[in-house]
Amino acid sequence: MTCFSIAIDGPAGSGKSTVARQVAKELGLTYVDTGAMYRAITWKALKQNVDLEDESSVARMSQETDIQLSSENGVDVWVDGIKVTNDIRTPQVTSNVSLIASQARVREILVDKQREIAQKTGVVMDGRDIGTHVLPKANLKIFLTASIEERAQRRHRELTQRGYSVDWDQLKEEIRLRDEKDSVREHSPLRPAEDAIHLDTTGLSIKEVVQAILNLSRTKA
Ligand code: C5P
């Protein structure tokens with residue numbers, strides 16, 4: 001049996017996770033934050049001083065790692081039983097995650113886990129390659145974008161709320177660089193699926209974007 005699935009892809013800070021979480025809640029589906037999985041592997045590799053460029057070591061470590069995403073709030077993340085919800089969102093993890101995500105074997109391991117979840121339950125899954133690679137038969141595919149200024153503003157707000165002091169220009173440059181790395185990599189780069197619906201969220205409220213996706217999902221149910 002194939003479960004109902006919504007794929008939401010897009011660049012950093014396009015609002016995917018906030019929107020995807022709310023859409024999942026409204027539709028009674030499970031929210032799967034695939035970025036959190038790449039972050040979890042990056043966090044563990046940094047913690048264990050694994051050479052991030054050494055693909056075999058990173059892959060071996062990934063194979064032995066248990067990642068759990070909360071099905072209750074869609075936010076909490078555990079790595080080998082340790083709650084890492086905040087630890088995976090530090091600037092250090094953020095600046096290294098694209099390197100880990102560029103490695104084919106890590107991707108295979110995480111994509112298997114993502115497909116396994118989507119086989120068991122209906123999902124709203126967000127990431128970079130969900131519509132193109134992870135769930136090519138998703139019932140609805142959305143590609144979310146927003147101007148770089150707006151995306152930087154959202155990240156700035158999020159980081160300052162969590163107590164980090166951030167330089168605006170540096171933040172903008174980091175977002176641009178991460179999108180570039182995610183877009184030019186060889187394996188499953190950030191790209192809209194051919195049948196994805198593009199939604200530019202610049203100037204839109206979260207509520208408006210959620211509503212737009214809910215309206216679209218009704219046409220696919
Ligand atoms: O979504 P988030 O910004 O937390 O993702 C962190 C990073 O994980 C991305 O910049 C990207 O390198 C990687 N990622 C990926 N494929 C996904 C989800 C995230 O390569 N499906």
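Structural notes, computed from the coordinates. As a convention, each chain's residues are numbered from 1 in the sequence order in which they are written. Given that this is a predicted model, residues contribute local features only at a pLDDT of at least 70 and side-chain atom pairs are listed and counted only at 80 or more, while totals for whole chains, interfaces and linings are drawn from all residues. Excluding hydrogens and water, the side-chain figures rest on all heavy atoms present in the structure.

Backbone hydrogen bonds are what pair the strands of a sheet, in a parallel or an antiparallel way. The strand order across the open sheet formed by three strands is β3-β4-β5, and the pairing between neighbours is antiparallel. Each edge of the open sheet is held by one strand with a lone partner, namely β3 (67–69) and β5 (82–83). As defined by bridge partners, β3 adjoins strand β4 (residues 77–79) across three bridges and the pair is classed as antiparallel. Its bridge partner lying in β4, I67 is registered against V79. Of the strands in this sheet, β3, β4 and β5 are in contact with helix α2 (residues 34–47), which crosses β3 at around 140 degrees. A strand pair is defined by DSSP finding two or more bridges across the two strands. Only DSSP runs of H or I with at least four residues qualify as helices, and only runs of E with at least two residues qualify as strands; both kinds are numbered from the N terminus onward. Here, residues are in contact when the closest pair of their heavy atoms is within 4.5 Å. Axes here mean lines fitted to C-alpha atoms, for a helix over just the part in contact, with angles spanning 0 to 180 degrees between N-to-C directions.

All right, on to the packing of helix α1 (residues 16–27) against helix α9 (residues 206–218) then. Between α1 and α9, the shortest axis-to-axis distance is 9 Å and the interhelical angle comes to 50 degrees. In terms of axis orientation, α1 runs oblique to α9. With respect to the hand of their crossing, α1 and α9 are arranged in right-handed fashion. Facing T18, V19, Q22, V23, E26 and L27 of α1, the residues of α9 in contact are I206, V209, V210, I213, L214 and S217. The cut-offs work like this: below 35 degrees is roughly parallel, past 145 is roughly antiparallel, 65 to 115 is roughly perpendicular, and the gaps in between are oblique. In a left-handed crossing the near helix is turned counterclockwise from the far helix by less than a right angle, and in a right-handed crossing that turn is clockwise.

To continue, consider the environment of L46. In this fold, L46 is placed in helix α2. Each residue's exposure class comes from its accessible area (1.4 Å probe, protein chains only) as a fraction of the maximum for that residue type: buried when under 20%, exposed when over 50%, partly exposed otherwise. On the basis of relative accessibility, which here comes to 22%, the residue L46 falls in the partly exposed class. Residues L46 and Q63 lie 17 residues apart in sequence; the distance between their C-alpha atoms is 16 Å. Sequence-distant contacts of L46, defined by excluding residues within four places in its chain, comprise L52, Q92, V93 and N96.

A pairing counts as a salt bridge when a side-chain nitrogen of Lys or Arg comes within 4 Å of a carboxyl oxygen of Asp or Glu. For the coordinates displayed, the defined rule picks out 14 salt bridges. R151 is paired through a salt bridge with D179; the nearest N and O atoms lie 2.7 Å apart. Note that R151 is positioned in helix α7 (residues 148–161) and D179 in helix α8 (residues 168–184), a separation of 28 residues in sequence. On the basis of relative accessibility, which here comes to 9%, the residue D179 falls in the buried class. The salt bridge partner of E158 is R162, with a shortest N-O separation of 3.3 Å. Among the residues examined, E158 registers a relative accessible area of 28% and is labelled partly exposed. Overlapping salt bridges bring together R128, D182 and R185 as one network.

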